[in-house]
Amino acid sequence: MSIFDKILKFRSPAPDFCSAVVLAAGNSQRMGKDKILMTIGDAPVIAHTLEALQSSNCIDEIVVVTKYESMQEIADICNERGITKVSRVVSGGKTRLESALIGVSNVSDKATLIAIHDGARPFVSDKLIERVVCAAKAHSAAAPAVTASDTVRILNGKGDVAQTPDREHVALVQTPQVFLAELIKAALTRALDKGLKITDDCSAVEAMGYNVTIVAGETDNIKLTSAKDLYTAEGILAERSARK
């Protein structure tokens, strides 16, 4: 039995403890400035993200991974807005993979599950968090996704269409992605050691030969990547406020 098989067979007799690692160390090149500190509604983007995780009964702890120069400002935001589940604000690495590994290495020793979430996804709902955490409890690795609304074409190296897959078989994966704690720690460590180019944390687990269970994502769970996304974000906030 390999070490990874032993990881998947491990189940703590203690109640599940889920730590959320929030990745907020990107350079925001397409936004022009640090997007997680830009304001939507009455608060910075990162405040909305952390408050969503704070309100979830499935999340026991939050670790924020950010740029060194943003650490104090994020700590101040947590104090001002009563975000008490944040246990640490730590400095990230040069790549997303390095930042994710730093994050999972700083969670509580009690963590049996780790959720990794983009700091620039401020509209994750409590129901979505619950769906993906419950799926990870049952299957060790889970992520939310939505189906593609546009036609998807796969191009060859010359820019010509090589394949047009059925949209029903194309999933646009979101975060939080949730994993058995020891599994994701091992997967990210292995990916870094081998110099793998991964775009999300599921890729690290899949590179070890393990499957990731997909659950229903939500269209509101957008990732802010460009300035125009701020207008969409303001619209989502306005719609949510109108429903209250």
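As a reminder, the structure under discussion sits directly above these lines.
Remember, it's a predicted structure, so these values are computed and weren't measured experimentally.

Student: Got a sec to walk through the side chain of Ser125? Specific residues and values, please.
Tutor: Residue placement: Ser125 occurs in the loop between strand S6 (113-118) and helix H5 (126-139). Ser125 gets classed as buried once you look at its relative accessible area, which sits at 16%. Of the polar contacts made by the side chain of Ser125, one reaches the backbone nitrogen of Leu128; its length is 3.1 Å.

Student: Residue-level account of the nonpolar core, with values.
Tutor: Counting residues in each nonpolar core, the largest one holds 33 residues, and the members touching the most others are Ile46, Leu50, Ile59, Ile62 and Val86. Looking at this core, the elements that each hand over two or more residues are strand S1 (18-24), helix H2 (45-54), strand S4 (61-66), helix H3 (71-80), strand S5 (86-91), S6 and H5. No other element matches H5, which puts six residues into this core. What Val86 contacts, discounting residues up to four positions off in sequence, is Leu50, Ile62, Val64 and Cys78. Ala100, Ile114, Ile184 and Ala187 belong to the second-largest nonpolar core, a separate cluster that totals 31 residues.

Student: Explain the pattern of salt bridges to me, using residue names and the numbers behind them.
Tutor: For the structure on display, the rule yields nine salt bridges. One salt bridge connects Asp16 with Lys137, and the closest N-O pair in it is separated by 4.0 Å. Placement of the pair is Asp16 in the loop between helix H1 (3-9) and S1 and Lys137 in helix H5, with a sequence separation of 121 residues. A residue is classified by how much of its surface remains accessible, and Asp16, at 44% relative accessible area, is partly exposed. Relative accessible area serves as the criterion here: at 39%, Lys137 is assigned to the partly exposed category. Here Arg81 makes a salt bridge to Glu51, at a shortest N to O gap of 2.5 Å. Of this pair, Arg81 sits in the loop between H3 and S5 while Glu51 sits in helix H2, placing them 30 residues apart in sequence. Residue Glu51 is classed as partly exposed on the basis of its relative accessible area, which comes to 26%. Linked by salt bridges that have partners in common, Arg96, Asp118, Arg121 and Asp201 make up one network.

What counts as what
The residue numbers shown here count from 1 along each chain, following its written sequence. Local features are withheld for residues below a pLDDT of 70 in this predicted model, meaning they are given only at 70 or higher, and side-chain atom pairs are given and counted only at 80 or more; totals for whole chains, interfaces and linings count all residues. To obtain the side-chain values, all non-hydrogen atoms of the structure were used and water was disregarded. Elements are defined by DSSP. Helices are runs of H or I of four residues or more, strands are runs of E of two residues or more, and each kind is numbered from the N terminus. Relative accessible area decides the class of each residue, using a 1.4 Å probe on protein chains only: under 20% of the type maximum gives buried, over 50% gives exposed, and in between gives partly exposed. Counted as a polar contact is a pair of N or O atoms within 3.5 Å, where, for protein atoms, one must be capable of donating a hydrogen and the other of accepting one, and residues adjacent in sequence contribute only when both atoms are in side chains. What makes a nonpolar core is a set of buried Ala, Val, Leu, Ile, Met, Phe, Trp, Tyr and Cys residues whose side-chain atoms join them at distances within 4.5 Å. For this analysis, residues touch if any pair of their heavy atoms sits within 4.5 Å. Salt bridge criterion: a side-chain nitrogen from Lys or Arg within 4 Å of a carboxyl oxygen from Asp or Glu.

By themselves these figures say nothing about function.
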